[in-house]
Amino acid sequence: MHDEKDLGRGRISRRQFLRGATILGFALAVGADLILPGEVLAIPNSEGFLLVDLKKCQGCGTCMMACALAHTGVASYTFSRIQIEQDSFANFPEDVFMATCRQCQDAPCVEVCPVEPVKANKPNERFGNVRMIDQKLCIGCQACIDACPYTPSRVQWNHVIERSQKCDLCVDTPYLGEPGGPGGTQTCVKICPENAISFTRTMPNQKVEESYFVNLRGPAWGKLGMTME
Amino acid sequence: MSICGYAGKILRLDLATKAATAIPTEKYRRWGGGHGMGAALFWDLCKDKTITDGRHQANVCCVMTSPLNGTIVPSAGGRCEVVGVGVGMYPISWFTRSGFGGRFSTMLKHAGWDGIVIEGKAEKPVWIDIRNDRVIFRDASGLWGKDTWTTQKEIWQMVGVPRGTKTAWQELARLDKDKKSAKDEGRFTQKPAVLTIGPAGENQTAHACLIHDAGNGAGQGGFGAVWGSKNLKAISVLGTGSIRVADAKSLIRARMVTKEKYVASSERPDFRAWTRLGTLPKPIIQVPPPTKDRRPQSCQGCINGCRTRYNVGYGNESACQETAWYGPYARKVAKNAAENTEINLKAADIVQQYGFNSFVFQTGLHWLEHLYEEGVLGPGRKIPSELPWKEIGTLNFAEKLVHALSTKTDIGKDMADGWVQAAIRWGREKDLETGALQFSYWGWPEHGYDPRAELEWGYGSIMGDRDTNTHCFNQIFTSVSAAFAFAMPIRIEAEEMVNLHARKLSPYAKGRPEVLDFSDGNMYSEAVAQLVRWQQHYCRFWKQSALFCDLKWPDFYNTNTPDLQGATASPDAGEQVFWNAVTGDKLSFEDGIELGRRIWNLDNAIWVLQGRHRDMVHFAPYVYQTKFEKGELFPFYMWPCRDEKGEWKYTDLMGRALDKGKFEEWKTTFYRLEGWNRKTGWPKRSTLEKMDMTFVADALQAAKRLGEEEA
């Protein structure tokens, strides 16, 4: 149903909507232009997405530490918005998994945010509708963490400040040193030594989990004796 | 003084009393981290520094991190340093070191600890379960006897962490059902980082390793035996904390510069770049890979992984030496290349699982085979052995050999204290004269970089405590020799090569390319002594305390840059740039070398207390008595040397022996430059006091081992 070619920047899918008590709050949060006929609110599509090559990652965790550093100035596994899971005793390719936020079109984490009148977790229209958590508004209910349909949850719990956090494509990165977000730099993409993470403005197929998994291996990879498939 | 980059405390474990206490890291901050801190902790906490066997109960073993661990400093984030008195060396097992990679040091810091000091002996086998601030001594009776991989997997299970990937976030506090506190300690998706011994360590055999994950090992030093002597099976760490860095913005920028400027681009790949830091991902295995279905695999924060994981179920995470120890034998029996690879990689798995340091086989197995072929070793012979020697080269033989040496059975009984010790026990001292047993220094085997050719390697090893295993300059040999062997282009000619190095050899040899001239006429010179000093001091701080990876640093030359200058000491991505970004210090590259000099001096003071005197600083006799005729890797040993006209050329260094008398003169020069007494090699008070190490001078004086002042 969601043909990627039909999903232009910022367009709203009528499948993604919110009803009832959260409508007013959401409208305030994301702008009146999101009110569709019949008082249905829709979540505008994100204008950026991370794609990963699960067969290219070397498991160095540089993206994790850089993510935490760019956002908060500390290095940490726990506070990273991208999670690289490894099992040293498993075989390729099941030994590594790269868990990135998908900036979902229907954004269950946004939908479930109970904060009123302005949601804490919402698309940021100034930065390509990236789904972001405003930690000043977050009440720490963790509903967004539970609502994320993926394992591990792509929304993290920051136990120090007792608030949720998630990937914002580096919009709020005071330590990055250059503009982030959909029009700028994503730290993990730029810093990955293997170029195993990429950024796209084209929305991957929302019905297929694997649509976020891509082959980023250029000809050099094959010449180095590693699979191109 | 900044504490950025540090967790702030060091865990002190007394296994005898099951006490866990914290030492403020600040107290040891002057030593930087890693080896420096570990040596200083050993100095303070080891009550008997005359011990000469690491299995002695007075031994103190320190597992230390660096401020750079757990960050994005390229190829420095994942190393970990182990120090203490070693096992299996000859004639004395010195205070020594080993290092390993992976993610243990990262997890330890995120759990809130900059290192672990291990003292005493547990009454029964224990493993240590660290979860942030909580440290639990657990019964290891169910793990004792198990291999290193099984042990780790069982510990993961006991901690409550599932195998595999795509696992859910777990709450640290909820892992412990007995815990009463409801405090939120954070969540994690990572596996516990476990450092463990296998059967080789449990049986306290020489050359037993510490193993972490599938293929990270602290090999040299015999620290597996040290842990075994303390009844310590494993340490597991889970951390949900973080490390604050002083200047995250500069740190990220420098890392980006490293990638963009110094590392070969995958878009414009240079498969044969001459650089240490900036190669394309090509795992260092000594056999053709068994499949293309594999990935590069690295330690935390590495710029380019040197290992690999396959889909075939063997060889994962093994690299370099352990993938080659069985090579000369496997290829005699393998029917084809694929089988040869399979035997070699499965042999690598065997040593990883037993926790056995395969490095000793590099020259040692040639010796054992020689004894067998000579009719001395084998069933019913002078050196009795029931191992299936006729099957050498098969996987069955490899497993039985490693088993015997790890369990003190068969010839393993005689070899448990070391290989040179076994040679003496078997009446084979002459093999150290003929070179049949090529254990060059301190009971350790020659590394493939023969001391008669590659001087800084050999001289550095004998002036230190072990096979130095520091590849600062060694890539000159491998790059140039490979180019000659395979008719590949010489990317950097000899004169330019030495000049590129000399630019970065501050402070002792800056602008002095002659320090790299290993020709016959220069091999005992003051210049070569300065090179060895530089390497020891650089390594003691930047490599073994700051924990920059030996395989990637220093980066002297780099064909990825227009001017061929590598990242080392550079103003945009040099070692000091990263150190300062993390810690907030204003350390210069040379400050780091000076710190390394102090650490090196502290080490030497410990060796002196253990009994070192210059009279015992000798290579094995064969190094003086026989010529270097057969290379491990190539039939020649290419190195930049000046000819009779003073022109630099790559020259073959094979075919010579060391002159003992001249080497003795070189030692005198080295001691003089270091400010150590020339007759004894002991540090002088004047030298130590200039480095703010009066406490060391006092201790040496009390032991009547302080070097006399000289004119």
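Residues numbered from 1 in each chain as written. Chains lettered and ligands numbered in written order. Predicted model: local features only at pLDDT ≥ 70, side-chain atom pairs only at ≥ 80, totals over all residues.

**Student:** Residues and numbers for the overall build of chain B, please.
**Tutor:** Within chain B, the secondary structure is distributed over 24 helices and 21 strands. Relative to the globule expectation of 27 Å for 711 residues, the C-alpha radius of gyration of chain B, 24 Å, shows essentially globular dimensions. For the C-alpha atoms alone, the extent of chain B along its principal axes is close to 80 × 65 × 65 Å. Relative to its full complement of 711 residues, chain B shows a buried share of 61%. Summarising the internal contacts of chain B: among those between residues at least 6 apart in sequence, 68% fall at separations of at least 24. (Helix = DSSP H or I, 4+ residues; strand = E, 2+ residues; numbered from the N terminus. Rg over C-alpha atoms; globule rule 2.2 N^0.38 Å. Buried ≥ 20, exposed ≤ 12 C-beta atoms within 10 Å, placed from the backbone. Contact = placed C-beta atoms within 7 Å.)

**Student:** An account of the packing of helix α2 (residues 62–72) of chain A against helix α7 (residues 248–262) of chain B is requested, with residue identities and associated values reported.
**Tutor:** At a minimum axis distance of 9 Å, the contact between α2 of chain A and α7 of chain B shows a crossing angle of 140 degrees. As summarised for this structure, α2 of chain A and α7 of chain B are arranged oblique, according to the angle between their axes. The handedness of the crossing between α2 of chain A and α7 of chain B comes out as left-handed. Residue-level contacts link A66, L69 and A70 of chain A of α2 of chain A to A248, L251 and I252 of chain B of α7 of chain B. The residue makeup of the contact of α2 of chain A with α7 of chain B, split by class, is six nonpolar, no polar and no charged. (Axes fitted to C-alpha atoms, helices over the stretch in contact; angles between N-to-C directions. Parallel < 35°, antiparallel > 145°, perpendicular 65-115°, else oblique. Left-handed = near helix turned anticlockwise from the far one by under 90°. Nonpolar A, V, L, I, M, F, W, Y, C, P; charged D, E, K, R; others polar.)

**Student:** Any chance you could break down the packing of helix α1 (residues 34–45) of chain B against helix α20 (residues 589–610) of chain B for me, citing the residues and the numbers?
**Tutor:** Residue and element names in this part refer to chain B. Running from N to C, α1 and α20 point in directions that differ by 35 degrees, and their axes come no closer than 10 Å. At the point where α1 passes α20, the crossing takes the left-handed sense. Contact residues: H35, G36, A39, A40 and W43 in α1; L595, I599, L602, D603 and I606 in α20. Here the residues of the contact of α1 with α20 are counted per class, giving seven nonpolar, two polar and one charged.

**Student:** Please give an account of the interface of chain B and chain A that cites residues and values.
**Tutor:** Counting residues at the interface gives 65 residues for chain B, matched by 53 residues for chain A. Counting residues per element, the ones that place at least two in the side of chain B that touches chain A are α3 (148–159), β10 (187–188), β15 (243–244), α7, β16 (294–297) and β17 (307–310) of chain B. The dominant element in the side of chain B that touches chain A, judged by the number of residues it contributes, is α7 of chain B, at eight residues. Along the lines of polarity and charge, the residues of the side of chain B that touches chain A split into 22 nonpolar, 22 polar and 21 charged. Note: strand β5 (residues 74–75) of chain A against β15 of chain B, two bridges, orientation antiparallel. Following the sheet pairing, V74 of chain A is matched in β15 of chain B by R244 of chain B. (Pairing = 2+ DSSP bridges.)

**Student:** I'd love a proper account of the sheet that holds strand β13 (residues 216–218) of chain B, names of residues and values included.
**Tutor:** Residues and elements named next belong to chain B. The six strands are arranged β8-β7-β14-β11-β12-β13 in an open sheet whose pairing can be described as mixed. Looking at the sheet topology across the chains shown, the edges are occupied by β8 (134–139) and β13. Averaged over all pairs of adjacent strands, the angle between strand axes in this sheet comes to 20 degrees, irrespective of strand direction. With four bridges joining them, strand β11 (residues 193–196) and strand β14 (residues 232–238) adopt antiparallel strand pairing. Its bridge partner lying in β14, V194 is registered against S236.

**Student:** For the sheet that holds strand β1 (residues 9–14) of chain B, give the residues involved together with the corresponding values.
**Tutor:** Residues and elements named next belong to chain B. On the basis of which strands lie adjacent, the open sheet formed by six strands has the order β2-β1-β6-β3-β4-β5 and mixed pairing. At either margin of the open sheet sits one strand with a lone partner, and together these are β2 (19–24) and β5 (95–100). The mean angle between the axes of side-by-side strands here comes to 20 degrees, regardless of whether they run parallel or antiparallel. In this structure, β1 lies alongside strand β6 (residues 115–119), joined through four bridges in parallel fashion. In the sheet register, L11 faces β6, and the bridge partner there is I116. Relative to the sheet, α1 contacts β3 (61–64), β4 (80–85), β5 and β6, its axis offset from that of β4 by approximately 30 degrees.

**Student:** Summarise the environment of G84 of chain B; cite the residues concerned and give the values.
**Tutor:** Residues and elements named next belong to chain B. Along the chain, the position of G84 falls in strand β4. Residue classification places G84 among the buried positions, given that 29 C-beta atoms sit within 10 Å. For G84 and P125, which are 41 residues apart along the polypeptide, the C-alpha to C-alpha distance reads 20 Å. Aside from chain neighbours lying at most four places away, what touches G84 is F42, G54, N59, V60, C61, C62, F223 and V226.

**Student:** Which residues make up α20 of chain B, and what values do they have?
**Tutor:** All names here are of chain B. With 22 residues, α20 should cover 32 Å at 1.5 Å per step; its first-to-last C-alpha distance of 32 Å lies within 8% of that length. Burial within α20 is extensive, with 18 of its 22 residues counted as buried. Note on α20: the residue one or two positions beyond its end, G611, has a positive phi of about 125 degrees. (Expected span 1.5 Å × (residues − 1).)

**Student:** Could you give an account of the nonpolar core, naming the residues involved and the relevant values?
**Tutor:** Grouped together as the largest cluster of nonpolar side chains are 274 residues, with contacts concentrated most on C63, A66 and L69 of chain A together with L210, L251 and F578 of chain B. Ranked by residue count, the leading element in this core is α20 of chain B, at eleven residues. Those residues in contact with L251 of chain B, other than ones at most four positions away along the chain, are L69 of chain A together with T71, I72, V245, F578, A581 and V582 of chain B. (Core = buried A, V, L, I, M, F, W, Y, C linked by C-beta atoms within 7 Å.)

**Student:** Which residues make up helix α19 (residues 575–583) of chain B, and what are the values?
**Tutor:** Residues and elements named next belong to chain B. Of all nine residues in α19, nine are buried; the element is thus mostly enclosed. Where α19 is buried, its residues touch α7, α18 (526–543) and α20. Remark: G584 follows α19 within two positions and exhibits a positive phi of approximately 85 degrees.

**Student:** Any chance you could break down the pairing of β1 of chain B for me, citing the residues and the numbers?
**Tutor:** Residues and elements named next belong to chain B. Judged from the six bridges that link them, β1 and β2 form a sheet pairing that is antiparallel. Its bridge partner being in β2, L13 is matched across the sheet by A20. Where β1 folds back onto β2 in an antiparallel hairpin, the turn is made up of four residues, including K18, whose phi is positive at roughly 55 degrees.

**Student:** Describe the confidence of the model for chain A, naming the residues involved and giving the relevant values.
**Tutor:** In this model, chain A carries an average pLDDT of 87, and 82% of its residues clear a pLDDT of 70 or more. In this model residues 1–35 of chain A is a low-confidence stretch, pLDDT under 50, and it forms 68 contacts with partners more than four residues away in sequence or in other chains. (pLDDT = per-residue confidence, 0-100.)

**Student:** So what's going on with the domain arrangement of chain B? Which residues, and what values?
**Tutor:** All names here are of chain B. By domain assignment, chain B separates into domain 1 (9–238), domain 2 (277–427) and domain 3 (455–601 + 624–674). Just the C-alpha atoms count here: the centres of domain 1 and domain 3 sit 32 Å apart. Opposite the 24 residues of domain 1 that make contact, domain 3 presents 20 residues. Contributions of two or more residues to the side of domain 1 that touches domain 3 are made by α1 and β5. (Domains from an automatic or database assignment.)

**Student:** Any details on the environment of C539 of chain B? Residues and values, ideally.
**Tutor:** Residue and element names in this part refer to chain B. Tracing the backbone through its elements, the reader meets C539 in helix α18. Of the residues examined, C539 has 28 C-beta atoms within 10 Å and is grouped as buried. In this structure, C539 is in contact with T470, C472, Q544 and G596, ignoring residues within four places of it in sequence.

**Student:** Please provide a residue-by-residue account of unusual backbone geometry, values included.
**Tutor:** The peptide bond linking T151 of chain A to P152 of chain A adopts the cis configuration, its omega dihedral lying at -5 degrees. Mapped onto the fold, P152 of chain A is located in the loop between α4 (143–147) and β10 (155–158). With omega at 0 degrees, the peptide bond leading from Y90 of chain B into P91 of chain B counts as cis. Mapped onto the elements, P91 of chain B comes out in the loop between β4 and β5.

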